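Each chain, written out:
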Number of protein chains: 2
Amino acid sequence: MDQRYSILTLGTADMARARGFYEGLLGWKPFMTEGITFYDAGGFILGLFGHKELAEDANLPVGPVGEGYRGFAVAYNARNEEEVDAVLALIETQGKAHGAKVLKPAHKAFWGGYSGYFADPDGNAWEVAYNPFWPIDDAGHLQLPKTQTT
Amino acid sequence: MDQRYSILTLGTADMARARGFYEGLLGWKPFMTEGITFYDAGGFILGLFGHKELAEDANLPVGPVGEGYRGFAVAYNARNEEEVDAVLALIETQGKAHGAKVLKPAHKAFWGGYSGYFADPDGNAWEVAYNPFWPIDDAGHLQLPKTQTT
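Anyway, here's the lowdown on the structure attached to this text. (Residues numbered from 1 in each chain as written. Chains lettered and ligands numbered in written order. Predicted model: local features only at pLDDT ≥ 70, side-chain atom pairs only at ≥ 80, totals over all residues.)

Section: helix 1 (residues 15–25) of chain A
Residue and element names in this part refer to chain A.
Here is step 1 of the chain: Among the residues of helix 1, those classed as buried are Ala-18, Phe-21 and Tyr-22. Along helix 1, the residues classed as buried sweep out an arc of 80 degrees about the axis, all on the same side.
Here is step 2 of the chain: Looking at the packing, one finds that the buried side of helix 1 touches strand 1 (7–12), strand 3 (36–40) and strand 4 (45–50).
Here is step 3 of the chain: At the C-terminal side of helix 1, Gly-27 shows a positive phi close to 80 degrees. (Buried ≥ 20, exposed ≤ 12 C-beta atoms within 10 Å, placed from the backbone. Helix = DSSP H or I, 4+ residues; strand = E, 2+ residues; numbered from the N terminus. Arc of directions from axis to C-beta. Contact = placed C-beta atoms within 7 Å.)

Right, dumping it as structure tokens:
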């Protein structure tokens, strides 16, 4: 098994609301197939699928999906601090209409970067961060430092 | 905000156990910093971080993290059906010692591919799939069809 993953699929309770957020507010372009909404992130993909359908597909009981922490977070690494501020300002000013909200305002993080969090309409935690030590290439790919290998 | 994400961070209740799975069983190579384990997936990253620390970082109450569905799934797209079988056979035969298990055996999926699921030591759902319509390039990046844009 190669050291990689291909798709992160987020469950949603309301596909129209979730698409309204990612497409209407963030401006992303979807690829639709088989009831799943895919957003091509340049070789990797973010997917949206109904909670019930995703749980069934994974052979798991769907159960309640709470409002709080649910075991993971997605990070969007921005190109600079200004982009972090801009994304969080967008969520702060226009997110409510789409069911999204800021969880944590942008701040200087202990690890030397600049970071904040928002929740998407289904409560999924998204970190928006600028890491001055991890450059992003033109294709949007993070470049980890080469100085540590173990 | 570009149409992409950078890092998927999975919370873990036991970092040593989780690393034993991803590194000891799957053979992945870590990049360690600030208490987080990062696996470079070629411009995108999979991270492991303690449940408590990740919840705190996102400004969310940690609460209980259940055994069942938790609102997302990660997919590993394999290059052929044989690779799907090989990954699931590895989990089936050696996963238990690392706290992992098969959730759903490999099978012909309704969308025309071949797919199964396993749970990592923290119960995170991983789909292992071969999609004949979505080729994977040498760098491991998925290539979505170009025929649909909305």
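Quick look at the relation of the copies chain B and chain A
Here is step 1 of the chain: Laying chain B over chain A is done by rotating through 180 degrees and shifting 0.0 Å along the axis; what remains is an RMSD of 0.0 Å. This pairing of chains is accounted for by a two-fold axis. The position closest to the rotation axis in chain B is occupied by the C-alpha of Arg-70 of chain B, lying 3.0 Å away.
Here is step 2 of the chain: In this assembly, 98% of the residues forming the interface of chain B have copies in chain A that are likewise at the interface, indicating an isologous arrangement. (Least-squares fit on C-alpha atoms with pLDDT ≥ 70 in both.)

Let's talk about the sheet that holds strand 3 of chain A
Here is step 1 of the chain: Here we have 8 strands laid out as an open sheet, ordered 2(A)-3(A)-4(A)-1(A)-5(B)-8(B)-7(B)-6(B), and mixed in their pairing. Two strands lie at the open edges of the sheet, namely strand 2 (31–33) of chain A together with strand 6 (101–108) of chain B, each paired on one side alone. Taken over all neighbouring pairs, the strand axes of this sheet differ in orientation by 20 degrees on average, direction set aside.
Here is step 2 of the chain: Bridge analysis of strand 2 of chain A against strand 3 of chain A gives 3 bridges, and the strand direction is antiparallel. Within strand 3 of chain A, the residue paired with Phe-31 of chain A across the bridge is Phe-38 of chain A.
Here is step 3 of the chain: Where helix 1 of chain A meets the sheet, it contacts strand 1, strand 3 and strand 4 of chain A, and its direction lies at approximately 155 degrees from that of strand 4 of chain A.
Here is step 4 of the chain: The strands touched by helix 3 (residues 81–94) of chain B are strand 6, strand 7 (114–119) and strand 8 (125–130) of chain B; relative to strand 6 of chain B, the strand with the most contacts, the crossing angle is about 155 degrees. (Pairing = 2+ DSSP bridges. Axes fitted to C-alpha atoms, helices over the stretch in contact; angles between N-to-C directions.)

Looking at the environment of Ala-75 of chain B
Here is step 1 of the chain: Turning to its location among the elements, Ala-75 of chain B is positioned in strand 5 (residues 72–77).
Here is step 2 of the chain: Exposure remark for Ala-75 of chain B: the 21 C-beta atoms within 10 Å place this residue in the buried category.
Here is step 3 of the chain: Considering only alpha carbons, one finds Ala-75 of chain B and Gly-116 of chain B, 41 residues apart in sequence, at a separation of 9.9 Å.
Here is step 4 of the chain: Ignoring any residue separated from it by four or fewer positions in sequence, one finds Ala-75 of chain B in contact with Tyr-5, Ser-6, Ile-7 and Thr-9 of chain A together with Glu-127 and Ala-129 of chain B.

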